[in-house]
Amino acid sequence: MGGKNGIRPAVPADFTFIRRLAVRVFSYLGDYGRIIPDWLAHDGVLSFVVEEAGRPVGFTMIGYYRIEGDSQGYAADLLAIAVSPEAQHQGQGRRLLEHAITTARTARRRLPVRELRLSVAEPNQRARRMFAAAGFVDVAGDHGFYEGGQRALHMRLKF
């Protein structure tokens, strides 16, 4: 997909938008202005932008890594998913999530990707409901805290 209302791979010209949106929507969690550039520069991270009327309104970032204790298996990690506040409540987050799931499943052609994982702040009920509706389940355990003090929850969708 691409064009005026599609999801497309991010290009370097999008990086300022991605960083600014991450700072705007994730500032309560920590210093995403510092974190996002490292993720954007990492070869194992794929970034995508959703556009509305030809302008970017959201993004996702997906990384891939080996599953601990499984020498053959990989996990995709939805590192970030964000939609501009003015574009929220219009289905863009769901579209981005569906695209991330499809992207991770498609990666199975090259890597043995067994699941898509993500972290979400415990108080973020809206995101947690969206992830659960897409089939993600909670992963038991203590997964630490965000810099802002919120408890981190992990969720996964097995393939």
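Everything below is about the structure printed above this text.
Everything numeric here is computed off the predicted structure, so don't read it as measured data. (Residues numbered from 1 in each chain as written. Predicted model: local features only at pLDDT ≥ 70, side-chain atom pairs only at ≥ 80, totals over all residues. Heavy atoms only, no water.)

Focus on helix H1 (residues 15-26)
Then, number 1: The first and last C-alpha atoms of H1 sit 16 Å apart over twelve residues, in line with the 16 Å expected at 1.5 Å per residue.
Then, number 2: All of the buried residues in H1 are Phe17, Ile18, Leu21, Ala22, Val25 and Phe26. Along the axis of H1, the buried residues cluster in a sector spanning 125°; they form a single face. (Helix = DSSP H or I, 4+ residues; strand = E, 2+ residues; numbered from the N terminus. Expected span 1.5 Å × (residues − 1). Buried < 20%, exposed > 50% of the residue type's maximum accessible area, 1.4 Å probe, protein only. Arc of directions from axis to C-beta.)

Digging into the nonpolar core
Then, number 1: Leu78, Phe131 and Phe136 are the most contacted members of the largest nonpolar core, which totals 28 residues.
Then, number 2: The next biggest cluster of nonpolar side chains, apart from the first, holds 21 residues, and it includes Ala10, Phe17, Phe26 and Ala121. (Core = buried A, V, L, I, M, F, W, Y, C linked by side-chain atoms within 4.5 Å.)

Details of the side chain of Glu51
Then, number 1: Along the chain, Glu51 falls in strand E2 (residues 45-52).
Then, number 2: Reaching out from Glu51, the side chain makes a polar contact with the side chain of Arg8 at a distance of 2.9 Å. (Polar contact = N/O pair within 3.5 Å; in protein donor to acceptor, adjacent residues only side chain to side chain.)

Describing the packing of aromatic side chains
Then, number 1: By the definition in use, this model includes three aromatic pairs.
Then, number 2: Ring centres of Phe26 and Tyr32 lie 4.9 Å apart, and the angle between their planes is 45°; this geometry places the pair in the tilted category.
Then, number 3: For Phe26, a relative accessible area of 13% gives the class buried.
Then, number 4: Tyr32 sits in the buried class, given a relative accessible area of 10%.
Then, number 5: One aromatic cluster is present, formed by Phe26, Tyr32 and Trp39 through successive ring pairs. (Phe/Tyr/Trp six-rings, centres within 6.5 Å; stacked < 30°, edge-to-face > 60°.)

Here we look at the pattern of salt bridges
Then, number 1: Inspection of the entire model under this criterion finds nine salt bridges.
Then, number 2: Among the ionic pairs, Asp31 bridges to Arg34, the shortest N-O distance being 3.7 Å.
Then, number 3: For Asp31, a relative accessible area of 38% translates into the label partly exposed.
Then, number 4: Classification of Arg34 by relative accessible area gives partly exposed; the value is 43%.
Then, number 5: Residue Glu115 pairs with Arg156 through a salt bridge whose shortest N-O separation is 4.0 Å. Taken together, the positions of Glu115 in strand E5 (residues 113-121) and Arg156 in strand E7 (residues 152-158) put the pair 41 residues apart, joining distant regions of the chain.
Then, number 6: Taking the relative accessible area as the measure of exposure, Arg156 reaches 27% and is therefore partly exposed.
Then, number 7: A cluster of three or more residues bridged by salt bridges with shared partners is formed by Glu115, Arg117, Arg156 and Lys158. (Salt bridge = Lys/Arg side-chain N within 4 Å of Asp/Glu carboxyl O.)

Structural notes on the environment of Phe17
Then, number 1: In this structure, Phe17 sits in helix H1.
Then, number 2: Relative accessible area serves as the criterion here: at 18%, Phe17 is assigned to the buried category.
Then, number 3: Between the C-alpha atoms of Phe17 and Gly58, which are 41 residues apart in sequence, the distance is 8.9 Å.
Then, number 4: If we ignore the near neighbours within four places in the chain, the residues touching Phe17 are Val49, Pro56, Val57, Gly58 and Ser84. (Contact = heavy atoms within 4.5 Å.)

Thoughts on the packing of H1 against helix H2 (residues 32-41)
Then, number 1: Viewed as axis vectors pointing N to C, H1 and H2 meet at an angle of 145°, and their least axial separation amounts to 9 Å. You can see that H1 and H2 cross each other, and the crossing is right-handed. Facing Phe15, Ile18, Arg19, Ala22, Val23 and Phe26 of H1, the residues of H2 in contact are Tyr32, Gly33, Ile36, Pro37 and Leu40.
Then, number 2: Residue composition of the contact of H1 with H2, by class: nine nonpolar, one polar and one charged. (Axes fitted to C-alpha atoms, helices over the stretch in contact; angles between N-to-C directions. Left-handed = near helix turned anticlockwise from the far one by under 90°. Nonpolar A, V, L, I, M, F, W, Y, C, P; charged D, E, K, R; others polar.)

Concerning the pairing of E5
Then, number 1: Bridge count for strand E4 (residues 74-83) against E5 is five bridges, and the pairing is parallel. Of the residues in E5, the one forming a bridge with Ala75 is Glu115.
Then, number 2: Handedness of the crossover is the feature at issue here: the chain leaves E4, passes through helix H3 (residues 92-106), returns alongside E5, and the resulting connection is right-handed.
Then, number 3: The pairing of E5 with E7 spans seven bridges and is antiparallel. Residue Leu118 lies in a different strand from E7, and its bridge partner there is Met155. (Pairing = 2+ DSSP bridges. Right-handed = clockwise from strand over helix to strand, strands pointing away.)

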